[in-house]
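Single-letter residue listing:
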Amino acid sequence: MIIAIDGPSGAGKSTVAKAVAKKLDFDCLDTGAMYRAVAWKALQDGVALDDAAGLEAIAVNDAIDFGRDGGSQTVAIAGYDVTAAIRTAEIDRAVSPVSACPAVREALVEQQRRIGLAGNYVVEGRDIGTVVFPAAEVKVFLTASPEERAHRRVRQNVDRGIGSIDYQTVLADIIRRDDIDSNRAASPLKPAEDAVPMDSTGTYIEDVIDAICDLAYARGAERA
Ligand code: DC
């Protein structure tokens, strides 16, 4: 079974996806981490962010591997562990042009399908219900107000010790990225017609998690 969770950055997708996967004993696939890993490799190799052929070569040739370190997931590209390195403000900025590149999307979507079809997965991203897994059994479009998302991101950056902790800077960045992600030509951020909309603004995250698990149970997921 595939549970697709799409929505803008900071809506709570990662927290919700991890918790739903744990409750249902599913695996989790963070597709944003794959775009971030390609952006990291591009910066590392000096590939310009508008060099479509250079970006495509990375997405096609440099293997992205997910692993485990205790309870948390790790990400590597071309053998480099980039788990922490892909969460910096520099990558936040570089990843939008990378994810707008159609050839990169094509290469990563193919890998996402291969991974997801191998088991039961909660897959989070922007285009999971629309492009990657249009036949997903459960599709959720998770949103929250930009202000709420900026507050959450600032708290997250404080906890991680990386990224900006200035609310106005973070809010401006969220609005800018929403605009790029929603208006790009290749797979813009938009809900699938059959996605269930959920707004996590001012809602207990546990309620969102329970609601998604209920949708999965209704589609035949077993209670773990
Ligand atoms: O979810 P995130 O912030 O880690 O995503 C990083 C970037 O990748 C963001 O600019 C949106 C983009 N992305 C995408 O275009 N498609 C996906 N399926 C996942 C992420």
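Look above for the structure.
Residues numbered from 1 in each chain as written. Predicted model: local features only at pLDDT ≥ 70, side-chain atom pairs only at ≥ 80, totals over all residues. Heavy atoms only, no water.

Let's talk about the side chain of Arg 152
Point 1. Topologically, Arg 152 is positioned in helix α7 (residues 146-160).
Point 2. Separated by 3.0 Å, the side chain of Arg 152 and the backbone oxygen of Ala 11 make a polar contact.
Point 3. Residues in contact with Arg 152, not counting those within four places in the same chain, are Gly 10, Ala 11, Gly 12, Ala 144, Ser 200 and Thr 201. (Helix = DSSP H or I, 4+ residues; strand = E, 2+ residues; numbered from the N terminus. Polar contact = N/O pair within 3.5 Å; in protein donor to acceptor, adjacent residues only side chain to side chain. Contact = heavy atoms within 4.5 Å.)

Some thoughts on unusual backbone geometry
Point 1. The phi dihedral of Ala 78 is positive, around 50°, even though this residue is not glycine.
Point 2. Considering the arrangement of structural elements, one finds Ala 78 in the loop between β4 (72-77) and β5 (80-81).
Point 3. Positive phi values are uncommon outside glycine, yet Ser 187 reaches one of about 45°.
Point 4. Structurally, Ser 187 is set in the loop between α8 (167-183) and β8 (196-199).

Comments concerning the pairing of strand β1 (residues 2-6)
Point 1. The element β1 is extensively covered by neighbouring structure, given that five of its five residues are classed as buried.
Point 2. The two faces of β1 match: Ile 2, Ala 4 and Asp 6 on one face and Ile 3 and Ile 5 on the other face are all buried.
Point 3. Bridging between β1 and strand β6 (residues 121-125) involves five bridges; their strand directions are parallel. Residue pairing for β6: Ile 2 is matched across the bridge by Tyr 121. (Buried < 20%, exposed > 50% of the residue type's maximum accessible area, 1.4 Å probe, protein only. Pairing = 2+ DSSP bridges.)

Structural notes on the side chain of Asp 127
Point 1. Mapped onto the elements of the fold, Asp 127 is located in the loop between β6 and α6 (128-132).
Point 2. Within the structure, the side chain of Asp 127 is placed 2.9 Å from the side chain of Arg 105, a separation counted as a polar contact.
Point 3. Those residues in contact with Asp 127 that lie beyond four places of it in its chain are Asp 6, Arg 105, Val 109, Val 132 and Ser 187.

As for the packing of helix α2 (residues 31-45) against helix α4 (residues 89-99)
Point 1. Interaxial distance between α2 and α4 falls to 8 Å at its minimum, and their mutual angle equals 105°. Judged on the interaxial angle alone, α4 and α2 are roughly perpendicular. Contact residues: Tyr 35, Arg 36, Val 38, Ala 39, Trp 40 and Leu 43 in α2; Glu 90, Ile 91, Asp 92, Ala 94, Val 95, Val 98 and Ser 99 in α4.
Point 2. Taken together, the residues of the contact of α2 with α4 sort by class into nine nonpolar, one polar and three charged. (Axes fitted to C-alpha atoms, helices over the stretch in contact; angles between N-to-C directions. Parallel < 35°, antiparallel > 145°, perpendicular 65-115°, else oblique. Nonpolar A, V, L, I, M, F, W, Y, C, P; charged D, E, K, R; others polar.)

Regarding the site of the ligand
Point 1. In the region of the ligand, 17 residues are neighbours, and Arg 36, Arg 105, Arg 126, Asp 127 and Arg 184 sit closest.
Point 2. Contact distances for the ligand include 3.0 Å between a nitrogen atom and a side-chain N or O atom of Thr 31.
Point 3. Separating a nitrogen atom of the ligand from a side-chain N or O atom of Asp 127 is a distance of 2.8 Å.
Point 4. If the ligand stood free it would expose 450 Å²; the protein chains cover 97% of that surface. (Near = heavy atom within 4 Å. Areas by Shrake-Rupley, 256 points an atom, 1.4 Å probe, with all protein chains shown as cover.)

Concerning the sheet that holds strand β7 (residues 138-143)
Point 1. Strand order across the open sheet formed by five strands is β2-β6-β1-β7-β8, with parallel pairing between neighbours. Of all the strands in the sheet, just β2 (27-30) and β8 have a single pairing partner and so form its edges. Each strand axis lies, on average, 20° off the axis of its neighbour in the sheet, ignoring direction.

Topic: the environment of Glu 124
Point 1. Tracing the chain through its elements places Glu 124 in strand β6.
Point 2. Note on Glu 124: relative accessible area 7%, which makes it buried.
Point 3. In this structure Glu 124 touches Ile 5, Lys 13, Ser 14, Ala 17, Leu 29, Asp 30, Thr 31 and Gly 32, once residues within four positions along its chain are discounted.
Point 4. In this structure the side chain of Glu 124 is engaged in a polar contact, spanning 3.0 Å, whose partner is the side chain of Ser 14.

Digging into the state of the cysteines
Point 1. Counted according to the given criterion, the structure contains zero disulfides.
Point 2. Cys 213 takes part in no disulfide bond, and the closest cysteine sulfur to it belongs to Cys 28, at a distance of 11 Å.
Point 3. The class for Cys 213 is buried, based on a relative accessible area of 1%. (Disulfide = S-S within 2.5 Å.)

Remarks on the sheet that holds β5
Point 1. The strand order across the open sheet formed by three strands is β3-β4-β5, and the pairing between neighbours is antiparallel. Edge positions in the open sheet fall to β3 (64-69) and β5, since each of these has one partner strand only.
Point 2. Alignment of β4 against β5, held across two bridges, turns out to be antiparallel. Across the sheet, Ile 77 pairs through a bridge with Tyr 80, a residue of β5.

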